[in-house]
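So the chains spell out like this:
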2 protein chains.
Amino acid sequence: MSITIAVDAMGADRAPQPEVEGAILAARQCDVRVLLVGQEDVVSAELAHHPEAGSLPIQVVHASEFIGMDEKAAQAVKQKRDSSMRVGLRLVKDGTASGFVSAGNTGAAMVTAKMVLGVLPGVDRPALANIFPTAANTATIMLDVGANVDCKPQNLQQFAIMGEIYFRSIFSGRFPTASNPRVGLLSVGEEETKGNDLTRDAFQLIKALPLNFLGNVEGRDLYNGHADVIVCDGFVGNVALKVSEGLVEAVRAILKETLQSSVTRQMGYLLARNAFKEFKKRLDYSEYGGAPLLGLKGVAFVCHGSSNGNAIKNAIRVAAEFARSGLNQKIEERIKAARHKTGVPERV
Amino acid sequence: MSITIAVDAMGADRAPQPEVEGAILAARQCDVRVLLVGQEDVVSAELAHHPEAGSLPIQVVHASEFIGMDEKAAQAVKQKRDSSMRVGLRLVKDGTASGFVSAGNTGAAMVTAKMVLGVLPGVDRPALANIFPTAANTATIMLDVGANVDCKPQNLQQFAIMGEIYFRSIFSGRFPTASNPRVGLLSVGEEETKGNDLTRDAFQLIKALPLNFLGNVEGRDLYNGHADVIVCDGFVGNVALKVSEGLVEAVRAILKETLQSSVTRQMGYLLARNAFKEFKKRLDYSEYGGAPLLGLKGVAFVCHGSSNGNAIKNAIRVAAEFARSGLNQKIEERIKAARHKTGVPERV
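To start, this report covers the structure provided alongside it. Just so it is clear, the structure is predicted and the values come from calculations on it, not from any experiment.

1. Points about the interface of chain A and chain B
Counting from both sides, the interface comprises 53 residues of chain A and, opposite them, 53 residues of chain B. Of the roughly 4,900 Å² buried between chain A and chain B on both sides combined, carbon and sulfur atoms contribute 73%. At the surface where chain A touches chain B, the tally comes to 6 salt bridges. In this structure, Arg220 of chain B and Glu245 of chain A form a salt bridge, with 3.2 Å as the shortest nitrogen-oxygen distance. Across the chain A-chain B interface, the total number found is 8 residue pairs in polar contact (both at pLDDT 80 or more).

2. Overview of the state of the cysteines
Residue and element names in this part refer to chain A. Under the counting rule described, the total for this entry stands at 0 disulfides over all chains. Here Cys303 stays free of any disulfide, with the sulfur of Cys30 as its closest cysteine sulfur at 13 Å. Judged by relative accessible area, Cys303 falls into the buried class, the value being 6%.

3. Overview of the sheet that holds strand β6 (residues 139-143) of chain A
Strand pairing in a sheet takes place through backbone hydrogen bonds and is either antiparallel or parallel in direction. Residues and elements named next belong to chain A. With mixed pairing, 11 strands are arranged side by side in an open sheet as β3-β2-β1-β4-β11-β10-β5-β6-β9-β7-β8. Sheet topology places β3 (58-62) and β8 (212-217) at the edges, where each strand pairs with a single neighbour. Each strand axis lies, on average, 25° off the axis of its neighbour in the sheet, ignoring direction. The pairing of strand β10 (residues 291-294) with strand β11 (residues 300-302) spans 2 bridges and is antiparallel. Looking at β11, one finds that Ala291 is bridged to Val302. Against the sheet, helix α6 (residues 153-171) makes contact with β5 (127-133), β6, β7 (182-186), β9 (229-231), β10 and β11, and its axis sits at roughly 150° relative to β6, the strand it touches most.

4. Points about the sheet that holds strand β11 (residues 300-302) of chain B
Residue and element names in this part refer to chain B. Spatially, 11 strands are ordered β3-β2-β1-β4-β11-β10-β5-β6-β9-β7-β8 in an open sheet, and the strand pairing comes out mixed. Where the open sheet ends on each side, the last strands, each with one partner, are β3 (58-62) and β8 (212-217). Here the average twist between neighbouring strands, direction ignored, is 25°. Where strand β6 (residues 139-143) lies against strand β9 (residues 229-231), 3 bridges are found, and the strand directions are parallel. Counterpart to Ile141 in the pairing with β9 is Val229. Those strands touched by helix α2 (residues 40-47) are β2 (32-38) and β3, and its axis lies near 160° from that of β3.

So, how was this worked out
- Numbers given for residues are sequential positions, taken from 1 along each chain in its written order.
- Chain letters start at A and ligand numbers start at 1, both assigned in the order the entries are written.
- Predicted model: local features are reported for residues with pLDDT of at least 70 only, side-chain atom pairs are reported and counted for 80 or more only, and whole-chain, interface and lining totals are derived from all residues.
- Each side-chain value is worked out from all heavy atoms of the structure, with water and hydrogens disregarded.
- Note on contacts: a residue pair qualifies if any of its non-hydrogen atoms lie within 4.5 Å across the two residues.
- Two parts placed together each lose some accessible area under a 1.4 Å probe, and the buried area is that loss summed for both.
- For salt bridges, the criterion is a side-chain nitrogen of Lys or Arg within 4 Å of an Asp or Glu carboxyl oxygen.
- Whenever two N or O atoms come within 3.5 Å, that pair is a polar contact, provided that in protein one can donate a hydrogen and the other can accept it, and provided that, for residues adjacent in sequence, both atoms are side-chain atoms.
- What counts as a disulfide here is a pair of cysteine sulfur atoms lying within 2.5 Å.
- Buried means the residue's accessible area, taken with a 1.4 Å probe over protein chains only, is under 20% of the maximum for its type, while exposed means over 50%, and partly exposed covers the values in between.
- The pairing criterion is simple: DSSP has to find at least two bridges between the two strands.
- Helix and strand labels come from DSSP, where a helix needs a run of H or I of at least four residues and a strand needs a run of E of at least two; each type is numbered from the N terminus.
- Here an angle of 0 to 180 degrees is reported between the N-to-C directions of two axes, which are lines fitted to C-alpha atoms, with helices fitted over the stretch in contact.

Here it is in structure tokens:
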């Protein structure tokens, strides 16, 4: 049966263009029905540029407002009750859609998703999970990368459970480690005693879980493929993500500059440019289709504001896989078992 | 007058080779006297490979023990009372040397430096300051990158003061912003209200200081040159540093792999290889000579374990400049003024 995914058509920097393109690609390739949520005239005008869309399972759902990239999340969510995000997430809540994708304001999307969908029983805080490519040609999931800036040890324990289940699900059959993902706790040294107050306590809680726990890992393990899932609080994870984005930008800029400084080098660049394209692609997170907010009663994915049609398509595809896989039920069961085992009460 | 710097000759991964090379380079080029601290027979044997060293102001100071890279810092410092680190730092404490450089176990170096030298009056915690190259061809100092994993808001305020003074000093005449360095607080969003409990409180304390405060900056600002000094706790800073190192390694590996996959690309690589060398150099932190531990009664620099002779030489040069500049006196004065102004008592 085909799955329905609601897409915030007003989110991306160049909205609604990438959203419409992504919807068309997904409807064609991924056996999904797409609901494009946004100002009807704007979205329909963009759809009109693609006459082939008429025969695809794509529908526009009107939402009179949208939240801009620079708006403050809490305030915007409160004031704009008919935003494309809220309308889209309500479609998930009422069962019309099985998942939601937005390339808009990440903070607003997280607040709205938590408010509209609620969290799974036993989950204290949802976590934003991001996929990083590694030098070993694998991928590492880091969570939380920004949903919770102040975490308690049991939050990190729950992130470990949710991240492990997510890695199993999306990389099953692709990476051998997906049958028993290696989970690391991000710290500043490998020994059990290294870290801050939060990680030292979280270490013991994660150690008590029935999963493949590596113990502490360090920042450099994000890109060497030594761990499949890396757990941290949302402040640290957000810094790790944004430092990486900044460094990749800097590397591109410096390489471009140095490779254009002489004719010989320019010739070298021309000969090697396919290698550069491949290199950029390997580092292009959009291949993996955005970041899920794990722990919600429902499926919600957040993409980069700079997402193109292909990135949106991938996010729609992955959101549909998430919905099909019954992942949330597994998360609920495992969290419940962990609470029982480690003696953490249902609500803390 | 020439300055004396004590160098831990037993620290680097390939010790004492890079230390001896660095000492020779520094003694030749930088108007310094170098005391190589370590097991006398080992260091002298390495010096014997460089007959020209005999005429240079280099001396060996014996220390019977040394602390390995994989030893636990606290324990090793306690047990090895005649380690090259402790003997070297005692030379600073008793005035024989004006600064200390080690490429050994960072944790052990920090613990030993704090124990032997003590902190400046008014400083609660010393901070490890690392210099990052930017795409704008400038440099950004981040502190703390690992000395303190759990910080209080006033620690971050003091880091801001110390980082600003250090940036002024080492980049004076090189970058125009060194006359009034732009200081940012690392957070997860630009607005004053964004961040965790620690950064929100630290924001107000730093705002009260007489310095060029940008407010919150994000992880990506580490490499774009928007800030000169970025302040954070040592856990977050260590993650930022190690994520960067890991990503640079991954980029190198991926580029190498993609550039060797066909003959055309290999030709391209040969033509462009000088560009790559330059690129690697721009990202090579060793150019800046290691990381100082700011806030100590004395001068102590920590270098990478993988440092080569050039990196050690640069660290010796920068340590000598630090000692000459009277930086610690300035730090003491500014910290005192800040405590007075923001009402933080002398010891908290």
